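Chain by chain, the residues:
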Amino acid sequence: MSKAAVIFWSQTGNTEQMANAIADGIREGGMEVDVLNVADTTPADAVKYAKIALGCPAMGAEVLEETEFDPFFTELESKISGLKVALFGSYGWGDGQWMRDWVQRTNDANAVIYTDEGLIINETPDDDGIAKCKEFGKGFAAF
Ligand SMILES: Cc1cc2nc3c(=O)[nH]c(=O)nc-3n(C[C@H](O)[C@H](O)[C@H](O)COP(=O)(O)O)c2cc1C
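Residues numbered from 1 in each chain as written. Predicted model: local features only at pLDDT ≥ 70, side-chain atom pairs only at ≥ 80, totals over all residues. Heavy atoms only, no water.

Let us look at helix α1 (residues 14-28). With 15 residues, α1 extends 21 Å from end C-alpha to end C-alpha; this agrees with the ideal 21 Å at 1.5 Å per step. Turning to α1, its buried residues are Asn 14, Thr 15, Met 18, Ala 19, Ala 21, Ile 22, Ala 23, Gly 25 and Ile 26. The inward-facing, buried residues of α1 abut β1 (4-8), β2 (33-37), β3 (51-55), β4 (84-91), β6 (119-122) and α5 (127-142). Downstream of α1 by a residue or two, Gly 30 has a phi angle that is positive, lying close to 95°. (Helix = DSSP H or I, 4+ residues; strand = E, 2+ residues; numbered from the N terminus. Expected span 1.5 Å × (residues − 1). Buried < 20%, exposed > 50% of the residue type's maximum accessible area, 1.4 Å probe, protein only. Contact = heavy atoms within 4.5 Å.)

Put into C-alpha cells, the structure is as follows:
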C-alpha cells in the first residue's frame, strides 16, 4: 500500500486535532492517508501502510495511555522494523519525557523515525501549532 496512516488516541481532542492537521499535511505532500482512531485498527493492519504517524498524549505519569494505546504499540513494536514512523502527541504539565521514552522504544524496535524526535504540542494546538502539524505531515509524506 502506498498510503499513509495517521493512528491516534485522544481523550479531550487535542491529539486528534494534531492528527487531522498532520493528515492534511500528508495530503498536501501528495500522499493518500487514512486517519484512524486506535480503537478502529489493529497492529497487523497498521503495518500494511507505507508509513504510519502515531499519536498519543502524555498520560498516567509520563506514559502512553495504558488501556488502549500502550497495548497497541507494544504489539506493534515487534512489527515495525524498517517501517517509516512519525510520533506526535499533546501534553500538559510535563517536559515531554513520555515522548523521549516513546522515541527510544521506537528506535529500539528499529523503525525509521521521521525527524529523530516526535512532534509535541502543549494542550490544544493554536494556529501556530496546527501549522507545525501540517508541516510535519508534509515532510513525512516526502520522507
Ligand atoms: C489522566 C491524565 C494524565 C496525564 N498525565 C500527563 C503527564 O504525565 N504529563 C503531561 O505533560 N501531561 C499529562 N496530562 C495532560 C494531557 O497530556 C494533556 O491534557 C493533553 O492535551 C491531552 O490530550 P488529548 O486531548 O489528546 O487527550 C494528563 C492528563 C490526564 C487526563
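Let's shift gears to the layout of surface pockets. The computed volume of the largest pocket comes to approximately 310 Å³. Lining of the largest pocket is provided by 19 residues; of these, Pro 57, Ala 58, Met 59, Tyr 91 and Gly 92 occupy positions nearest its centre. The set of elements that each furnish at least two residues to the lining of the largest pocket consists of α1 and β4. When the residues that make up the lining of the largest pocket are grouped by side-chain class, the tally is seven nonpolar, ten polar and two charged. (1 Å grid on protein atoms, 1.4 Å probe; cavity = no way out; pocket = protein on both sides within 12 Å on 5 of 7 lines; lining within 4 Å. Points joined across faces, edges and corners; volume = space filled by probe spheres on them. Nonpolar A, V, L, I, M, F, W, Y, C, P; charged D, E, K, R; others polar.)

Here we come to the UniProt feature "domain: Flavodoxin-like" (unreviewed entry) in the chain. UniProt marks residues 4-141 with the feature "domain: Flavodoxin-like" (unreviewed entry), using the numbering shown here. For residues 4-141, helix accounts for 39% and strand for 21%, while the C-alpha atoms at its two ends are 8 Å apart. (UniProt positions renumbered as here; feature names shortened; annotations may be inferred.)

Further remarks concern the packing of aromatic side chains. In this structure the tally under the stated criterion is eight aromatic pairs. A connected cluster of aromatic rings, assembled from ring pairs, spans Phe 69, Phe 72, Phe 73 and Trp 102. The cationic tip of Lys 51 hangs over the ring face of Phe 140; the distance from NZ or CZ to the ring centre is 5.6 Å. The side chain of Lys 84 reaches across the aromatic face of Phe 143, ending 5.6 Å from its centre. (Phe/Tyr/Trp six-rings, centres within 6.5 Å; stacked < 30°, edge-to-face > 60°. Lys NZ or Arg CZ within 6 Å of the ring centre and 35° of its normal.)

All right, on to the pattern of salt bridges then. Within this structure, the stated rule accounts for seven salt bridges. When the shortest N-O distance is used, the salt bridge between Lys 3 and Asp 34 registers 3.1 Å. Of this pair, Lys 3 sits in the segment before β1 while Asp 34 sits in strand β2, and the two are 31 residues apart along the sequence. With a closest N to O distance of 2.8 Å, Asp 45 and Lys 48 form a salt bridge. On the basis of relative accessibility, which here comes to 49%, the residue Lys 48 falls in the partly exposed class. Each of Asp 70, Glu 77 and Arg 105 takes part in one network of salt bridges that share partners. (Salt bridge = Lys/Arg side-chain N within 4 Å of Asp/Glu carboxyl O.)

Leaving glycine out, the prevailing phi sign among residues is negative, and the prevailing peptide bond configuration is trans. At Glu 62, a position not held by glycine, the phi torsion is positive, near 60°. You will see that Asn 110, though not glycine, has its phi angle at about 65°, which is positive. Considering the arrangement of structural elements, one finds Asn 110 in the loop between α4 (97-108) and β5 (112-113).

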